[in-house]
Amino acid sequence: MIKILTTVIFMLVSFATLAHGNETHNVNKDKQAIVKIISGIKYGWEHGDGKPFRENFLDFKGARYIEGGGQNKGLNSLVGHHVEPEKDAMDYLKLDFNDIEVNFEGDNFAWVIADTRVKGKVKKSGYEFNKSGYQTFLFRKIDGVWKVVHTHSSSRNHQVKK
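Let me begin by describing the structure that accompanies this report. Predicted model, so just to flag it, every value in this text is computed and none were measured.

## A closer look at the nonpolar core
In this structure, Ile34, Ile41, Trp45, Phe53, Phe57, Leu78 and Phe139 are the most contacted members of the largest nonpolar core, which totals 27 residues. Mapped onto this core, the elements with two or more residues apiece are helix H1 (2-47), helix H3 (75-89), strand S3 (90-104), strand S4 (109-122), strand S5 (128-142) and strand S6 (145-157). Contact partners of Ile34, with chain neighbours within four places excluded, come to Val102, Phe104, Ala110, Val112, Phe139 and Trp146.

Structure representation (structure tokens):
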């Protein structure tokens, strides 16, 4: 009887461990997918390339993307009036996302906050900027694929911490 009870307990513990390990694996896999999307967004901003946005953003009626105090209504506005034209207007643009914190709400929704740092130089005026702040991304998992459904960035002149 003790052997049977021990075997049953061992099997239950093994199953619970396996099930928990799989949940952790899925969270890690989802987190990696989201961080990869954010890396693509960084590339898109720096190179004036709309492709990472078109591949990873959900384009839907009512979509709003907040950047630099302005609002882009829909994906075409963000890419066509903000991402791609800025490449031609800048001598350089350098964007960093650090301390990326991914938070999941159930299986199909995630929100991300990251520290941002953006540096650049405007061709026409020679104005150089160095800003730091925060970026928020909202994601929805649709048909097994994470899509950005909203972004909001806020930054100000970078100050060195004393």
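## What about the packing of aromatic side chains?
A complete count under the given rule lists 7 aromatic pairs for this structure. Centroid distance Trp45 to Phe53: 5.5 Å. Interplanar angle 85°. Geometry classified as edge-to-face. Accessibility classification places Trp45 together with Phe53 in one group, the buried group. Between Phe97 and Phe137, the ring centres sit 5.6 Å apart and the planes meet at 70°, which makes this aromatic pair edge-to-face. Here Phe97, found in strand S3, pairs with Phe137, found in strand S5; they are 40 residues apart in sequence, far enough to count as distant. Taken together, the aromatic side chains of Trp45, Phe53, Phe57 and Tyr65 make up a single cluster linked through ring pairs.

The rules we used
Residues numbered from 1 in each chain as written. Predicted model: local features only at pLDDT ≥ 70, side-chain atom pairs only at ≥ 80, totals over all residues. Heavy atoms only, no water. Core = buried A, V, L, I, M, F, W, Y, C linked by side-chain atoms within 4.5 Å. Buried < 20%, exposed > 50% of the residue type's maximum accessible area, 1.4 Å probe, protein only. Helix = DSSP H or I, 4+ residues; strand = E, 2+ residues; numbered from the N terminus. Contact = heavy atoms within 4.5 Å. Phe/Tyr/Trp six-rings, centres within 6.5 Å; stacked < 30°, edge-to-face > 60°.

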